[in-house]
Amino acid sequence: LRKDRAAFGENGDKSESTGAGFSVQVAAYDNRDDAEEYLREVGQWGYKAELRPKIVGGKRIAAIWVGRFATRDEARNFAAKLKARHNTDGLVVRR
């Protein structure tokens, strides 16, 4: 299992905010099956997460984004909660 957990990258719960311009990237995989497995794990934590395909350095990866936030500060605060609750690093990303 290759996991690059947000090395580059509270609305992460079951609700969504309006004007959501940011999310928190918690992982990125070069294997879609591994990404989908981690996506399910994050969902079991009770958060709304999504798989976002990206091209990085000409290579296709699958990023896991959690939550939708109106501001960068809201997303940063949520990333800190993820770190405290699940020992998961997160990178704030613009949607």
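Not measured: the values here are computed from a predicted model.

Thresholds, definitions, all that
- Residues numbered from 1 in each chain as written.
- Predicted model: local features only at pLDDT ≥ 70, side-chain atom pairs only at ≥ 80, totals over all residues.
- Heavy atoms only, no water.
- Phe/Tyr/Trp six-rings, centres within 6.5 Å; stacked < 30°, edge-to-face > 60°.
- Buried < 20%, exposed > 50% of the residue type's maximum accessible area, 1.4 Å probe, protein only.
- Helix = DSSP H or I, 4+ residues; strand = E, 2+ residues; numbered from the N terminus.
- Expected span 1.5 Å × (residues − 1).
- Contact = heavy atoms within 4.5 Å.

(A) Representation of the packing of aromatic side chains in the model. Counted by the stated rule, this structure contains five aromatic pairs. When the ring of Y38 is compared with that of W45, the centres are 6.2 Å apart and the planes differ by 90°; the resulting orientation is edge-to-face. Overall, Y38 belongs to the buried group, its relative accessible area being 2%. Considering the side-chain rings of Y47 and F78, the 5.3 Å spacing of their centres and the 85° angle between planes classify their relative orientation as edge-to-face.

(B) Seen up close, helix 2 (residues 72-86). Between the first and last C-alpha of helix 2 there are 21 Å, a value that for 15 residues agrees with the 21 Å anticipated at 1.5 Å per step. Residues of helix 2 that are buried sit in contact with strand 1 (22-29), strand 3 (59-69) and strand 4 (91-94). Among the residues trailing helix 2, N87 stands out with phi positive, at a value near 50°.

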